[in-house]
Amino acid sequence: MLDKMRDDENHYKNLVDGKWIDGNDNKTITIYSPIDGSELGSVPAMASEDVDLAIETAKQAQRHWRNVTIDEKAEILYKTAKILLTQKEELTDLMMKEIAKDRKSCASEIERTADFIRFTADTAKNISGESIPGDSFPGVKTNKISMVKREPLGVILAISPFNYPVNLAASKIAPGLMAGNSIVLKPASQGSLCGLYLARVFQEAGVPAGVLNTVTGRGSEIGDYITTHRGINFINFTGSTEVGKHISEITSMVPLLMELGGKDAAIILKDADLDLAATNIVAGGYSYSGQRCTAVKRILVIDEVADTLVEKIVSKMETLKVGNPLEQDVDIVPLISEKAADFVCELIDDAKEKGAKLLVGGTREGNLIAPTLFDNVTTDMRIAWEEPFGPVLPIIRVKSKDEAIQIANDSEYGLQSAVFTSNINEAFYVANRLEVGTVQVNNKTERGPDHFPFLGVKSSGIGTQGIRYSIESMSRPKATVINLYEQGED
Ligand code: NAP
Ligand code: G3H
């Protein structure tokens, strides 16, 4: 498929109105691999008039798409999933190079996306409306009934992040399409080759011209224009809290679904299975070098079991493989950019200066940061609160579960938390008090399975994702009220 997408100079184009086009002024962005700086290709840097065209096209196409039967839409999605799987090898290679994710995780992202797309089609086919009798409300006569169905919203702007360039684009596109909307996808610049590839797959599966369009370009340059565009009816954004807050400040009267940053805590109580906790902390904290919104980002452990837990975590960290994902099967990969690696190092330096005990790692080679673990982290350190989006974990020792809950809740974020305990009452005690979208009991924090609700509170998001939830978020109820009259009645 790649051969059809790029020209001899490795230039990729955007999908607008069923055609692959450049921006009006032919400006481009070059995409380099974070692994070795090699040039992977270029994409158009679309300007405002290109954005206008994509959105206008989407608006026109949606008028027809909304009336395509659910069954026909579903068939297109089933075909999309099928084609995606046939392209797994090629897309895995592209993704590895573009975002430096390890081979196994790239392949599983693609498989998970195919499952997601299929499940979305199945779910949409089974969403039915409801009819509400009027007489359940006091004083209403029996002859009124509200028939409620779901209507699309119009044009969805889908903005996706770098770290799941296929999955977090598809998880907006597929439910959006099944709800009868058209889509304008603005992928992360680093990740845009994968985003365009995904669009090609949807197109090959039969998504009609104009129903799915792509707009590449730096968020810092076209972001404000596209998010405040009058033709956009809904914004589905995944990315940093900083950008998410900015979008919510400059937009008005446009509904938003936002999945943002996190500082997920793993809380380990006295009676926890410490082997289980250590395994989950290492897998949850360090996979893809911690570049996951749901990565475990701090450990809050009861003092009495802290030494044993630390020993187990350190020993499990020895099994982490660090290096170049193109050369070997690794867990720790180079971070997405030099800027990202610089930021992580700032947090490491701050922790060291303020007296945290460095147990493992702390070193850097280019953008590759060794898996790093700090003990005796205190609440005056930046690593206690800030999201590194890198392979660094702080251990904060606490005296009680209530202290753990308080520190967990003092965060500006509220995505997920995990609690490790063998006592169900303790699990509920903690879970009921945590200010997050999801609490995992005896497991690492994670988004899936993808039909579960996934949401962040506080600075971690607005609205709820998850297959049925996403379809509902990108549609609205439409009520038709039938007023029945007996013959002869006025
Ligand atoms: P990011 O820098 O916020 O970028 C996300 C997307 O927003 C990219 O497509 C980016 O485009 C675009 N963008 C940047 N500035 C914009 C603006 N002013 N207006 C509109 N769009 C703009 O985030 P990232 O670095 O890709 O991802 C890492 C962050 O995302 C972390 O904080 C992580 O926790 C969060 N995240 C959250 C979830 C979740 O589900 N909660 C999932 C994944 C990631 P460019 O690439 O062109 O700048
Ligand atoms: O990076 C944010 C993703 O939503 C996390 O998904 O928990 O499946 O890695 P994940």
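Residues numbered from 1 in each chain as written. Chains lettered and ligands numbered in written order. Predicted model: local features only at pLDDT ≥ 70, side-chain atom pairs only at ≥ 80, totals over all residues. Heavy atoms only, no water.

Enquirer: Looking at this structure, I do not really get the site of ligand 2. What am I missing?
Expert: Near ligand 2 you find Arg112, Asn163, Tyr164, Arg292, Cys293, Thr294, Glu446, Arg447 and Phe454, and these make up its full shell. In the model, an oxygen atom of ligand 2 is placed 2.7 Å from a nitrogen or oxygen of the Arg292 side chain. Relative to its free-state accessible area of 310 Å², ligand 2 is covered by the protein chains to the extent of 95%. Taken together, the residues of the shell around ligand 2 sort by class into three nonpolar, two polar and four charged. (Near = heavy atom within 4 Å. Polar contact = N/O pair within 3.5 Å; in protein donor to acceptor, adjacent residues only side chain to side chain. Areas by Shrake-Rupley, 256 points an atom, 1.4 Å probe, with all protein chains shown as cover. Nonpolar A, V, L, I, M, F, W, Y, C, P; charged D, E, K, R; others polar.)

Enquirer: It is not clear to me how the pairing of strand β4 (residues 39-44) should be interpreted in this structure. Could you clarify?
Expert: For β4, the tally of buried residues reaches five of six residues, placing the bulk of the element in the interior. Of the strand pairs in this sheet, strand β3 (residues 28-32) and β4 are connected by five bridges, and their pairing is antiparallel. In the sheet register, Ile29 faces β4, and the bridge partner there is Val43. Where β3 folds back on β4, the antiparallel hairpin that results is connected by six residues, among which Gly37 adopts a positive phi of roughly 75 degrees. (Buried < 20%, exposed > 50% of the residue type's maximum accessible area, 1.4 Å probe, protein only. Helix = DSSP H or I, 4+ residues; strand = E, 2+ residues; numbered from the N terminus. Pairing = 2+ DSSP bridges.)

Enquirer: Sorry, what's going on with the sheet that holds strand β14 (residues 357-360) here?
Expert: Strands belonging to one sheet form pairs held by backbone hydrogen bonds; the direction of such a pair is parallel or antiparallel. Judged by pairing direction, the sheet is mixed, and its seven strands sit side by side in the order β14-β17-β18-β13-β12-β20-β21 without closing on themselves. For this open sheet the edge positions go to β14 and β21 (438-441), each flanked by a neighbour on one side alone. Direction aside, neighbouring strands of the sheet carry axes that sit 25 degrees apart on average. One ladder, built from four bridges, connects strand β20 (residues 416-420) with β21; its direction is parallel. Among the inter-strand pairings, Ala418 is bridged to a residue of β21, identified as Gln440. Against the sheet, helix α12 (residues 338-353) engages β14, β17 (372-375) and β18 (392-398), with an angle of about 25 degrees to β17. (Axes fitted to C-alpha atoms, helices over the stretch in contact; angles between N-to-C directions. Contact = heavy atoms within 4.5 Å.)

Enquirer: How should I be thinking about helix α7 (residues 192-204) in this particular structure?
Expert: Owing to its 3.6 residues per turn, the α-helix brings residues three or four apart onto one side. Between its terminal C-alpha atoms α7 stretches 18 Å, which fits the 18 Å expected from 13 residues at 1.5 Å a residue. Across the 13 residues that make up α7, a large majority, 11, are buried. Those residues of α7 not exposed but buried are Ser192, Leu193, Cys194, Gly195, Leu196, Tyr197, Leu198, Ala199, Arg200, Val201 and Phe202. Backbone geometry just downstream of α7 places Gly206 in the positive-phi region, at approximately 115 degrees. (Expected span 1.5 Å × (residues − 1).)

Enquirer: Where do I start with unusual backbone geometry in this structure?
Expert: Keep in mind that most residues, glycine aside, have a negative phi and that most peptide bonds are trans. A cis amide bond links Gly448 with the next residue in sequence, Pro449, at an omega value of -5 degrees. Along the polypeptide, Pro449 turns up in the loop between β21 and β22 (457-458). One non-glycine residue, Asn26, lies in positive phi territory at about 60 degrees. By the secondary structure assignment, Asn26 is in the loop between β2 (19-21) and β3. At Asn442, a residue that is not glycine, the phi angle is positive and equals roughly 60 degrees. The topology assignment puts Asn442 in the loop between β21 and β22. Judged by its relative accessible area of 27%, Asn442 falls in the partly exposed class.

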